[in-house]
Amino acid sequence: MTEEILVNHSAHETRIAVVQQGVVQELHLERAASRGLVGNVYLGRVSRVLPGMQSAFIDIGLERAAFLHVADLWQSRANSQSTGHATPIEKLLFDGKPLLVQVIKDPLGTKGARLSTQISIAGRLLVHLPQDPHIGVSQRIGNDSERALLRSRLQKLMPEDERGGFIIRTSAEDAPDAELAADVAYLRKRWREILDESQRKPAPSLLYQELSLTQRMLRDVAGEATAAIQIDSADECQRMIEFANTYVPGLAGLIRTYNGERPLFELHGVEGEIEKALARRVDLKSGGYLIIDQTEALTTVDVNTGGYVGGRNFDDTIFKTNLEAAHSIARQLRVRNLGGIIIVDFIDMTSAEHRDAVLTELKKALARDRTRTTVNGFTTLGLIELTRKRTRESLAHVLCESCPTCAGRGMLKTPRTVCYEILREIQREARQFDPKEFRILASQDVVDLFLEEEAQPLAALGDAIGKRISLQVESIYSQEQYDIILV
Ligand SMILES: [Zn+2]
C-alpha cells in the first residue's frame, strides 16, 4: 500500500502525517522549545581549568560557559585503566585548548550546560561510541543468548578499521543484517564528518546536532511504500533534499514543496484527525463506537454498538461492528501512538468462529504497524490483551496536560457535594472560632444551590451555631473550589 507523507513546518513546531489512501495513519510532532541541546557536539575551547574542583569551564558559543568534570573526560579515565589512577584534569587541559565535547545536560537557570568528551551518536538501531571499543546490548532485549547472538552478528558486520564501539538499541531486536550494516555505515559517516568539521572550523563551533524530526522521518519512516513527501516550507524542503542526498538518496526525488493556497494539513483533513485522535470516543461507520481511555498503567478500548441492534440479525450486527472496530483500533493505536499494555473489550460474541475471525482481523490490521505489537487471544473474561512497544510519548501526552479543574479525574464533585462539604466545615470551625459571621466564597453554581434547594440546611446550621452565614460568588472559582472566611 503506498503512502504519502505530509510535513507542516514552522520555526517553532514540525508536524508530520503519514497518509495511506487518504487516511491518516501516523502523526509525529516536535517542538523547538523541547528539543534542547543534549546530544549536540561542539568544538569548544577551554576557558578556565579549576584543579581544586577537578573540572573546567568550556566555551561552546553559548551565553554561559559549559561545565566539564574530570569524570566525564574519557582521556582521564582511559589513563586510569592502564595506570590505575585517573590523570588530573590540569594535566590534560589548559586554557585556550580546543576540545571536542558533547552536551549531556541542558543548561538550566544560571547553570551552564554539562559536557562530556565521550561522544555518542544515536542511529536508528545503534548508538556509536567512536572512542570506546566495546559492543553493548540494551538490557531490554530478550535473554542472554539473544543478546550474545546480536553482539556476534554486529561484530561480523563491523569494518576492519573500526576503532570505536556500538550499543545495540532495543529497536534492533528484529533487524536484519542489512539494516544493521546500513546503520553502522551511517554512523561512521556522521562521525567522520564531525572529525572533518573539527579540523576545518574555528572553536567554538557546533559540529553535530541530533537529527530533527524531518530528518528522522526520512531515515526511519519513509521507505519503499512512500510515493511522495510534501512539505509547506521551501527552506526546510531544501534541507531535507540535502539530507536525503547524503543518507537516503532514493528518497530525494520524492520531496517537493507545497505552496498551495490552503494549509497542507487542512487540505488533507489532518487537522480534523488530530482533533479526533484526542477524543475519548471514536465513531464507527456501522453506527458503533469505541471508547479509549489512557491511564498511566494501561490503555483500555471498549467497543460498543450504537443504540438499537435489530433482533433477527443481532449476531451479524455485532460481528460486523467488531470487525470494523478491529481495523479502527489498529489505526487509533498508531495515530495516538499508544504504547504498553492495551486491553480491548469487544462486544460479546457467542460464536467461536466470529471470535476467531475478529482476532485474525485485528492481527492483520496491526501487522501494518511500524511499531511492534503482540496480541494475546481472548482471556477468560472475553478481553483481548495486547502490548505495543513504547516509542515516543503518546500524542495526548505531547499535546495535552491533565485538567486543572478536575485534576485529571475527568469528573467534578457535584455542587450539592460541595455544599455539604462547606456545611460540615463551618460546623467544625464554629467549635474552634468565634467570629461574628461566616462568609462562604464559592462558584455561582454552589451559591445558587444554597439560595434555593439547599437554603434550608444552611439556615438550620446558622441557627444551630448562632452565627450569621453569608454567601458571595467568586466567578473565577471552579465548581469544587471554595473558601470560608471568618468575619
Ligand atoms: Zn477536568
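What you see is a predicted model, and the numbers here were worked out from it, not measured in a lab.

About the cut-offs
- Numbering of residues begins from 1 in every chain and follows the order in which that chain's sequence is written.
- With pLDDT at 70 or above as the cut-off, local features in this predicted model cover only qualifying residues; side-chain atom pairs require 80 or more to be listed or tallied, and sums for whole chains, interfaces and linings still use all residues.
- As a convention, hydrogens and water are excluded, and side-chain values are obtained from all of the structure's heavy atoms.
- Any two strands with at least two DSSP-identified bridges between them are counted as paired.
- The helix and strand labels rest on DSSP assignments: H or I over at least four residues marks a helix, E over at least two residues marks a strand, and numbering proceeds from the N terminus.
- Any two residues whose heavy atoms approach within 4.5 Å at even a single point are treated as in contact.
- A fitted line through C-alpha atoms serves as each axis, taken over the contacting stretch for helices, and the angle formed by two N-to-C directions is quoted from 0 to 180°.
- Note: metal donors comprise N, O and S atoms at 2.8 Å or less from the metal (3.2 Å for Na, K and Ca); water molecules are not included, so apparent gaps in a site are possible.
- When accessible area is computed with a 1.4 Å probe and restricted to protein chains, residues below 20% of their type maximum are described as buried, those above 50% as exposed, and intermediate ones as partly exposed.
- Definition of nonpolar core: a set of buried residues of the types Ala, Val, Leu, Ile, Met, Phe, Trp, Tyr and Cys, connected through side-chain atoms within 4.5 Å.
- Pairing of aromatic side chains here covers Phe, Tyr and the six-membered ring of Trp, requires ring centres within 6.5 Å, and sorts the geometry by plane angle: under 30 degrees stacked, over 60 edge-to-face, intermediate tilted.
- Roughly parallel covers angles under 35 degrees, roughly antiparallel covers those over 145, roughly perpendicular covers 65 to 115, and oblique covers all other angles.
- For any pair of crossing helices, the crossing counts as left-handed if the nearer helix is rotated counterclockwise from the farther one by less than a right angle, and right-handed if it is rotated clockwise.
- Here, a salt bridge means any Lys or Arg side-chain nitrogen found within 4 Å of an Asp or Glu carboxyl oxygen.

1. Thoughts on the sheet that holds strand S10 (residues 126-129)
Okay, step 1: Read across the open sheet, the four strands follow the order S9-S10-S12-S11; overall the sheet is mixed. Only two strands of the sheet have a single neighbouring strand rather than two, namely strand S9 (121-122) and strand S11 (135-137).
Okay, step 2: Both S10 and strand S12 (residues 165-168) contribute to a ladder of four bridges, which runs antiparallel. The partner of His-128 across the bridge, within S12, is Phe-166.
Okay, step 3: Against the sheet, helix H3 (residues 144-157) touches S10, S11 and S12, its axis set at about 145° to S11.
Okay, step 4: Across the sheet, helix H4 (residues 177-200) lies against S9, S10 and S12, angled at about 35° from S10, the strand it touches most.

2. Overview of the sheet that holds strand S24 (residues 482-486)
Sheet strands line up and pair through hydrogen bonds in the backbone, either parallel or antiparallel.
Okay, step 1: Strand order in the open sheet formed by three strands is S23-S22-S24, with mixed pairing between adjacent strands. The open sheet terminates on both sides in strands that have one partner only, identified here as strand S23 (468-473) and S24. Averaged over all pairs of adjacent strands, the angle between strand axes in this sheet comes to 20°, irrespective of strand direction.
Okay, step 2: As defined by bridge partners, strand S22 (residues 437-442) adjoins S24 across five bridges and the pair is classed as antiparallel. Within the sheet, the bridge partner assigned to Arg-439 lies in S24 and is Ile-485.
Okay, step 3: Strand contacts of helix H15 (residues 455-465): S22 and S23, with the helix running at about 140° to S23, the strand carrying the most contacts.

3. Notes on the coordination of the zinc ion
Okay, step 1: The zinc ion binds to the protein through Cys-403 (SG) and Cys-406 (SG), with metal-donor distances spanning 2.2 to 2.3 Å.
Okay, step 2: A relative accessible area of 6% means that Cys-406 is categorised as buried.

4. Here we look at the nonpolar core
Okay, step 1: With 47 residues, the main nonpolar core has Ile-5, Leu-126, Ile-168, Met-217, Leu-218 and Ile-229 as its most contacted residues.
Okay, step 2: In terms of nonpolar packing, the next biggest core, distinct from the first, is built from 27 residues, Leu-284, Phe-319, Leu-359 and Val-375 among them.

5. A look at the packing of aromatic side chains
Two descriptors summarise a pair of aromatic rings, namely the distance from one centre to the other and the angle between the planes of the rings.
Okay, step 1: Taken as a whole and assessed by the stated rule, the structure comprises three aromatic pairs.
Okay, step 2: Pairing Phe-57 with Phe-67 gives two aromatic rings, centres 6.0 Å apart and planes at 65°, and the pair type is edge-to-face. Here Phe-57 is found in strand S5 (residues 55-59), whereas its partner Phe-67 is found in strand S6 (residues 66-69), with ten residues between them in sequence.
Okay, step 3: Note on Phe-57: relative accessible area 28%, which makes it partly exposed.
Okay, step 4: Residue class for Phe-67 comes out partly exposed when judged on its relative accessible area of 22%.
Okay, step 5: Between Phe-243 and Tyr-247, the aromatic rings sit 4.8 Å apart at their centres with planes inclined by 40°, giving tilted as the arrangement. Residue Phe-243 and its partner Tyr-247 are located together in helix H6 (residues 234-247), separated by four residues, close to a single helical turn. Here the two residues Phe-243 and Tyr-247 agree in accessibility, since each one is buried.
Okay, step 6: Three or more aromatic residues link up through ring pairs in this structure, and these residues are Tyr-186, Phe-243 and Tyr-247.

6. A word on the packing of helix H5 (residues 213-221) against H6
Okay, step 1: The contact between H5 and H6 brings their axes to 10 Å, and the two run at 40°. As summarised for this structure, H5 and H6 are arranged oblique, according to the angle between their axes. The hand of the H5/H6 crossing is right-handed. Within the contact between the two elements, H5 uses Thr-214, Gln-215, Met-217 and Leu-218 and H6 uses Glu-236, Met-240, Phe-243 and Ala-244.

7. So, the pattern of salt bridges
Okay, step 1: Taken as a whole, this structure holds 36 salt bridges when the rule is applied.
Okay, step 2: Glu-173 serves as the salt-bridge partner of Arg-372, at 3.6 Å between the closest nitrogen and oxygen. Here Arg-372, found in the loop between helix H11 (352-366) and strand S20 (373-378), pairs with Glu-173, found in the loop between S12 and H4; they are 199 residues apart in sequence, far enough to count as distant.
Okay, step 3: Judged by its relative accessible area of 38%, Arg-372 falls in the partly exposed class.
Okay, step 4: A salt bridge links Arg-409 to Glu-480; its shortest N-O distance comes to 2.5 Å. Note that Arg-409 is positioned in the loop between helix H12 (395-399) and helix H13 (415-432) and Glu-480 in the loop between S23 and S24, a separation of 71 residues in sequence.
Okay, step 5: Salt bridges linked by common partners bring Glu-26, Arg-334, Asp-369, Arg-370 and Arg-388 together as one network.

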